[in-house]
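# Understanding the architecture of this molecule
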Amino acid sequence: MTRGKRKGIKTIGILSGGGDAPGINAVIRASVKVAVRHYGLKVTGIEQGFGGLIEDRTRKLGLKDVMGILPRGGTILGTTNRDNPFHYPVRLENGNVEFRDVSDRVLETLQKHRIEALIVIGGDGSLKIASQLWNRFSLPVVGVPKTIDNDLSATDQTFGFDTALTTATEAIDKLHTTAESHYRIMVLEVMGRYAGWIALQAGLAGGADVILIPEIPFDINKVCAKIRERSAAGKQFSIVVVAEGARPIGGEMVVKKVIKDSFEQIRLGGIGNLVGEQIEERTGIETRVTVLGHLQRGGSPTAFDRILASRLGAAAVNLLMEGRYGEMVCLRTPHIASVPLAEAVGEIRRVPLGSDLVRLARQAGISFGD
Ligand code: F6P
């Protein structure tokens with residue numbers, strides 16, 4: 001295949017890879033609508049991420065197929081954070097599993113269904129694969145950034161984040177009323193992997209007293225000092241929001257499990273319980289821990305996420321039709337722009353320590369435990 005604009009693209013494919021995020025269906029819907037209505041294209045949906053391209057699982061996507069999916073969470077195409085075509089587990093006759101490059105099967109599936117260009121909705125892992133497909137085979141591909149963690153460096157915001165943030169904020173609101181009634185400390189562990197965006201912004205929106213994020217290692221004594229200070233001022237409850245990637249000064253992040261064939265092998269989790277136990281032990285105040293988990297990934301996308309996802313889905317088709325392959329659509333507020341995929345992946349966006357959000361929190365008396 002050669003690089004450069006392909007003439008007369010008639011069929012495009014679309015897949016969602018990696019962890020789901022509220023708004024993927026809105027991307028799919030917008031892409032299908034623009035492709036079919038505006039450009040007269042055919043769209044093929046690839047099921048279960050890159051696995052669908054390897055194992056040939058596809059289905060046609062017409063206007064009827066995307067009816068009513070705008071408010072639906074999840075993805076109608078299914079997704080997985082395994083199935084990397086460049087590192088795919090193959091079971092050998094002796095029962096052992098060997099990882100092999102099966103990217104030729106991706107090309108076969110695309111050819112079989114006459115898919116000439118591909119939209120990949122994904123986070124860092126899936127977009128890296130998309131970038132490799134472009135670099136190695138000049139496959140016309142465009143990426144759409146997706147993750148509730150909001151940690152992709154090339155876009156101001158990823159869709160899915162606003163919905164996860166809203167869910168986490170509602171959880172803090174609910175924890176507040178029970179914390180207050182029982183004079184307890186409530187610890188809430190939220191997702192976000194190596195970035196503290198969900199914890200920081202939910203903590204601010206929900207009025208947390210302590211926010212622990214990966215970017216600012218904490219000292220448990222400082223966390224307890226904040227709680228004691230509140231007790232001394234007559235405030236007999238406290239809310240502590242802990243990002244799953246938070247860690248004590250000089251300590252490590254808590255790893256819940258390692259999944260060998262996943263794009264991202266490490267699953268974090270458990271720091272909330274450790275923090276909760278230590279607070280109760282040191283302050284003597286009754287403490288409860290809630291791990292919000294996958295509730296943050298589920299449910300109907302907020303209006304913000306529906307609109308952002310729709311803008312990105314439409315822009316992805318436009319980009320393909322302009323022949324700008326190997327790029328990722330992104331939000332450069334207030335515009336939708338694009339960047340080369342190679343620049344978009346690999347570097348995660350963490351909370352900058354000098355950010356006004358961190359400053360606001362500090363000035364408002366919120367402790368980061370540092
Ligand atoms: O990247 C999104 C995310 O939800 C992270 O916040 C979390 O650490 C991880 O995925 C959970 O992955 P899984 O769904 O595989 O447990």
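The rules behind the values
Residues numbered from 1 in each chain as written. Predicted model: local features only at pLDDT ≥ 70, side-chain atom pairs only at ≥ 80, totals over all residues. Heavy atoms only, no water. Domains from an automatic or database assignment. Contact = heavy atoms within 4.5 Å. Buried area = accessible area lost by both parts, 1.4 Å probe. Near = heavy atom within 4 Å. Polar contact = N/O pair within 3.5 Å; in protein donor to acceptor, adjacent residues only side chain to side chain. Areas by Shrake-Rupley, 256 points an atom, 1.4 Å probe, with all protein chains shown as cover. Nonpolar A, V, L, I, M, F, W, Y, C, P; charged D, E, K, R; others polar. Helix = DSSP H or I, 4+ residues; strand = E, 2+ residues; numbered from the N terminus. Buried < 20%, exposed > 50% of the residue type's maximum accessible area, 1.4 Å probe, protein only. Salt bridge = Lys/Arg side-chain N within 4 Å of Asp/Glu carboxyl O. Pairing = 2+ DSSP bridges. Axes fitted to C-alpha atoms, helices over the stretch in contact; angles between N-to-C directions. Patch = residues over 30% accessible without salt bridge, like charges linked within 9 Å, V, L, I, M, F, W, Y side chains within 5 Å. Right-handed = clockwise from strand over helix to strand, strands pointing away. Phe/Tyr/Trp six-rings, centres within 6.5 Å; stacked < 30°, edge-to-face > 60°.

## Thoughts on the domain arrangement of the protein
The domains assigned to the protein are domain 1 (11-147 + 154-159 + 299-344) and domain 2 (161-298 + 352-363). Taking the mean C-alpha position of each, domain 1 and domain 2 sit 33 Å from one another. Each partner contributes residues to the interface: domain 1 has 26 residues there, and domain 2 has 11 residues. For the pairing of domain 1 and domain 2, the buried interface totals around 1400 Å² over both sides, and the portion due to carbon and sulfur atoms is 52%.

## Remarks on the site of the ligand
What surrounds the ligand is the set Asn81, Thr147, Ile148, Asp149, Met191, Gly192, Arg193, Glu244, Arg267, His294 and Arg297. Arg193 places a side-chain nitrogen or oxygen 3.1 Å from an oxygen atom of the ligand. Side-chain polar atom of Arg267 to an oxygen atom of the ligand: 2.7 Å apart, as the coordinates give it. Here the ligand has 390 Å² of accessible area as a free molecule, and 84% of this is covered by the chains. Residue composition of the shell around the ligand, by class: 2 nonpolar, 4 polar and 5 charged.

## Re the side chain of Ser126
Considering the arrangement of structural elements, one finds Ser126 in helix α4 (residues 124-137). Given a relative accessible area of 1%, Ser126 falls into the buried group. For Ser126, the side chain forms a polar contact with the main-chain oxygen of Gly17, separated by 3.4 Å. Residues within four places of Ser126 in sequence aside, it is in contact with Gly17, Gly18, Phe50, Val120 and Phe263.

## Side note on the pattern of salt bridges
All told, the structure shown has 15 salt bridges when counted by the stated rule. Linking Glu322 and Arg324 is a salt bridge whose minimum nitrogen-to-oxygen distance equals 2.7 Å. Since its relative accessible area comes to 44%, Glu322 is described here as partly exposed. Residue Arg362 is joined to Asp370 by a salt bridge in which the shortest nitrogen-to-oxygen separation is 2.8 Å. A residue is classified by how much of its surface remains accessible, and Arg362, at 41% relative accessible area, is partly exposed. Salt bridges here are not isolated pairs; linked through shared partners, they connect Arg184, Glu286 and Arg288.

## Considering helix α11 (residues 356-363)
Put simply, Ser355 is the residue that caps the front of α11, since its side-chain oxygen is 3.0 Å from the backbone nitrogen of Leu357. Just downstream of α11 lies Gly365, where phi reads positive at about 90 degrees.

## Side note on the environment of Thr166
Relative to the helices and strands, Thr166 resides in helix α5 (residues 161-182). The exposure class assigned to Thr166 is partly exposed, which follows from its relative accessible area of 30%. Taking the C-alpha atoms as reference, Thr166 lies 21 Å from Glu180; in sequence the two are 14 residues apart.

## Topic: the sheet that holds strand β1 (residues 11-16)
The strand order across the open sheet built from 7 strands is β3-β2-β1-β6-β7-β14-β15, with neighbouring strands paired in mixed fashion. The open sheet has two edge strands, β3 (58-60) and β15 (335-340), and neither has a second partner. Adjacent strand axes in the sheet meet at a mean angle of 25 degrees, parallel and antiparallel pairs treated alike. Inspection of the sheet shows β1 paired to strand β2 (residues 42-46) by 4 bridges, in the parallel sense. Residue pairing in the sheet places Thr11 in a bridge with Lys42 of β2.

## Let's talk about a nonpolar patch on the surface
A surface patch of nonpolar side chains, amounting to about 220 Å² of accessible area, comprises Val255, Val258 and Ile266. Taking the relative accessible area as the measure of exposure, Ile266 reaches 32% and is therefore partly exposed.

## As for the pairing of β1
Within β1, 6 of the 6 residues are buried, which leaves the element mostly enclosed by the surrounding structure. Crossover connection from β1 via helix α1 (residues 24-38) to parallel β2: handedness right-handed. Sheet analysis places β1 next to strand β6 (residues 117-122), joined by 5 bridges and oriented parallel. Note on β6: the bridge partner recorded for Ser16 is Ile121.

## Focus on the packing of aromatic side chains
Under the definition given, this model contains 1 aromatic pair. Judged by centre distance (6.1 Å) and plane angle (65 degrees), the rings of Trp134 and Tyr325 are edge-to-face. Of this pair, Trp134 sits in helix α4 while Tyr325 is found in the loop between α9 (303-321) and β14 (327-332), placing the two residues 191 residues apart along the sequence. The exposure classification of Trp134 matches that of Tyr325, with both residues buried.

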